[in-house]
Each structure stands twice: as structure tokens, then as C-alpha cells.
Amino acid sequence: MTVPTIDLNSGHSIPQLGFGVFLVPADEAEQAVSEALEVGYRHIDTAAIYKNEEGVGAAIAKSGIPRDELFITTKLWNDRQSGEQPHEAIRESLDKLGLDYVDLYLTHWPTPEKNTYVNAWTKLIEIRDAGLSRSIGVSNHLPEHLDRLVAETGVVPAVDQIELHPAYQQRDVLAWAEKNGTKIESWGPLGQGKYPLFENPAVADAAAAHGVTPAQAVIRWHLQKGFIVFPKSSRKERMEQNFDVFGFELTDAEIAAIDGLDPLDGSGRVGTHPLDFN
Ligand code: NAD
């Protein structure tokens, strides 16, 4: 099965579907990522704060898959944004992953009260220029943060990885991204199992019409909206299910019905608001 790719502003491309490892414990990460690679995933999304980069790296090493067939993302944690710390942090992440470079390095949160996210971005630019990450981007950045990064450095993030699912669509961030050529990565794409998406008739009916599960219908919604998506599961049958999303296509009406699930007042959010994470 060939996963479509999305072109990034760096000139590199990213597989649109990947595997995320948030909350996968360190001692289970190697097995989970090994299974994901067996299923066919080639894009893995981790972060320093997930504390499972070693397990991800061990699975990569064991797999024997050529490096250039993999797309590996990791993230700079919030307490390493100031001074030269991002340089130390990427080297630590690369050591743990057992890699010479990552494909994508992100600042994890803007933590605006600390006011260090612009410094972090200038260091990510140096990290990219040093060849330690092919592409660089951000996570959880709102238009006001993105505007500041571009105004102060002239460099537009390749991606913004934000909480995004049918009940929380962040249309202001999507509009910024569309205008500036930044691609959107959806975190919590299934609502982290916390938002009752799967029972909703718009999702359940679309799933029934195509003979797929509600999770598959939601992943398909992300793909057809042009988002990059990496659902997480530690269970192999769900990894397989979440990867098996290229044999059907939602209709325009089904997409529109799922588009309509966002309460628009922000109440569908399942994670922390970026302005509150400091
Ligand atoms: P998710 O929406 O992918 O939800 C994962 C949960 O959904 C699983 O634990 C499981 O309970 C359920 N699930 C998965 N597949 C299913 C299936 N087929 N059927 C039924 N239930 C299923 O949430 P997530 O893990 O938070 O997000 C995905 C990835 O996004 C993470 O692993 C991580 O890589 C990334 N992420 C990034 C940030 C950030 O701040 N940048 C925050 C959270 C997550």
C-alpha cells in the first residue's frame, strides 16, 4: 500500500499517514514501533518529552529499513527553548534515536509567557542548516505566534502540529497555514478517545456506508482534508485498521457532515489550550 506524500516548503515530502507514540511507555515503544513498521507505517512521530526515543530508535535499527524510506519526527521540549539549549537537545534526541538526522524537528509548544519560542525557532533554523533536521516546524502555535516567527526570522514553519479532529477544527490556524504554505499535522486525530466522536451519526453513518470502522472514517476525513495524521494505538489490530484507509473515499456530503461537528466555541478541545501551557 502506498501512502500519499505531502510536499513541504523545505523541498522534502512527508508521508501523509504515520504512527504517533505519545503515551507509549519507554519499555513498550520498541515493540509498538516494530509492529507499526511491520504493518507498513514509515512515518513515526515522537518527542523528547515522550521519553521513548530510545525505543523508537531500537525499532528502527532492528527493522533494517533503509533510512531514506523512513520519516522520523521529534520535538524540542518546552524547558529547552532558551539560549543554545535547542542544540544540546537535538543532539540528545539524535543519540537516543540512533540517527544522524531527523526528518522533522518541531518546537513542542510556544509557552508564550516564557517568551522563548522565537529563540527556539532561530536555533531550529541553525539545526536545519547544520543538516540535523531535513525540515523544521512548530506545534501548538497560534496565528499570533506564527506571525511573530515569520516577522522576526523570515522563515515559515514547514508544519504546525495542532490538536485537530472533527470536534475541534481550529479554522484560524488552518487559514494561516493555507495562506503561508505551512502544512497542518493533526494531533489527537481521534479525539484521543476522550471526545465521543465515534458514536456521532455523521461519523457512524459514513463508516456504515463504507463498511469501515468509525476510526477509519475519521482518519479518512483527515486525509481528504489534506491534513497529515498519525493516530496512536498500542494494539496491532488497530494499527492495521488505522493504516487500512485507502480502499474507500468519503463523499463530499459525508465530509461536509463531519465538518459540521465542530461546536465552534472551542468546547470540543480535549487537550490544553496553547495560551495556557507555560
Ligand atoms: P489519538 O486521537 O490518536 O487517540 C489515540 C487513542 O485512540 C488510543 O489510545 C486509543 O484509545 C484510540 N484508538 C486508536 N485507534 C483506534 C481504533 N482504530 N479504534 C478505536 N479506538 C482507537 O490521540 P494521540 O495519541 O494523542 O494523537 C496522535 C499522536 O499525535 C500522538 O501519538 C503524538 O505523536 C501526537 N501528539 C502530539 C501532541 C503535541 O502537543 N504536539 C499532543 C498529543 C499527541
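Values in this document were obtained by computation on a predicted structure and should not be read as measured data.

About the thresholds
- Residues numbered from 1 in each chain as written.
- Predicted model: local features only at pLDDT ≥ 70, side-chain atom pairs only at ≥ 80, totals over all residues.
- Heavy atoms only, no water.
- Helix = DSSP H or I, 4+ residues; strand = E, 2+ residues; numbered from the N terminus.
- Expected span 1.5 Å × (residues − 1).
- Buried < 20%, exposed > 50% of the residue type's maximum accessible area, 1.4 Å probe, protein only.
- Arc of directions from axis to C-beta.
- Contact = heavy atoms within 4.5 Å.
- Pairing = 2+ DSSP bridges.
- Axes fitted to C-alpha atoms, helices over the stretch in contact; angles between N-to-C directions.
- Phe/Tyr/Trp six-rings, centres within 6.5 Å; stacked < 30°, edge-to-face > 60°.
- Lys NZ or Arg CZ within 6 Å of the ring centre and 35° of its normal.
- Parallel < 35°, antiparallel > 145°, perpendicular 65-115°, else oblique.
- Left-handed = near helix turned anticlockwise from the far one by under 90°.
- Nonpolar A, V, L, I, M, F, W, Y, C, P; charged D, E, K, R; others polar.

Trainee: What is the right way to read helix H3 (residues 85-97) from this model?
Mentor: Helical geometry note: an α-helix holds 3.6 residues per turn, so side chains three or four residues apart project in the same direction. With 13 residues, H3 should reach 18 Å at 1.5 Å per residue; the first-to-last C-alpha distance of 18 Å fits that figure. If you check which residues of H3 are buried, you get Pro86, Ala89, Ile90, Ser93, Leu94 and Leu97. Buried residues of H3, viewed axially, fall in a sector of 135°; they line one side. Along H3, exposed side chains directed more than 90 degrees from the buried face belong to Arg91 and Asp95. Those residues of H3 that are buried lie in contact with helix H2 (53-63), strand E5 (71-76), strand E6 (102-107) and helix H4 (117-129).

Trainee: Looking at this structure, how should I read the sheet that holds strand E4 (residues 43-45)?
Mentor: Remark on secondary structure: sheet strands pair via backbone hydrogen bonds, oriented parallel or antiparallel. If you trace the 8 strands from one edge of the open sheet to the other, you get E3-E4-E5-E6-E7-E8-E9-E10, paired in parallel fashion. Both outer strands of the open sheet, strand E3 (19-20) and strand E10 (228-229), are each paired with one neighbouring strand and no more. Here strand E8 (residues 159-163) runs beside strand E9 (residues 183-187); their pairing, made up of 5 bridges, is parallel. Counterpart to valine 159 in the pairing with E9 is lysine 183. Strands in contact with H4 are E5, E6 and strand E7 (133-139); relative to E7, the strand with the most contacts, it is inclined by about 165°.

Trainee: Any chance you could explain the packing of aromatic side chains here in plain terms?
Mentor: Aromatic ring pairs are defined here through the distance separating the ring centres and the angle between the ring planes. Taken as a whole, this structure holds 7 aromatic pairs when the rule is applied. Members of the aromatic cluster, each reached through a chain of ring pairs, are Trp77, Trp109, Trp187 and Phe277. Taking NZ or CZ as reference, arginine 134 lies 3.9 Å from the ring centre of tyrosine 101, over its face. Between the NZ or CZ atom of arginine 220 and the centre of the ring of phenylalanine 248, over which it lies, the distance is 5.9 Å.

Trainee: What exactly am I supposed to notice about the packing of H4 against helix H5 (residues 143-153) here?
Mentor: Geometrically, a packed helix pair is captured by the angle between its two axes and the distance between the axes. Taken N-terminus to C-terminus, the directions of H4 and H5 make an angle of 55°; their axes are 10 Å apart at the nearest point. Here H4 lies oblique to H5, going by the angle between them. The crossing of H4 and H5 is right-handed. Two secondary-structure elements touch here, H4 through Tyr117, Val118, Trp121, Thr122 and Ile125 and H5 through Glu144, His145, Arg148, Leu149, Glu152 and Thr153. A per-class count over the contact of H4 with H5 returns 5 nonpolar, 3 polar and 3 charged.

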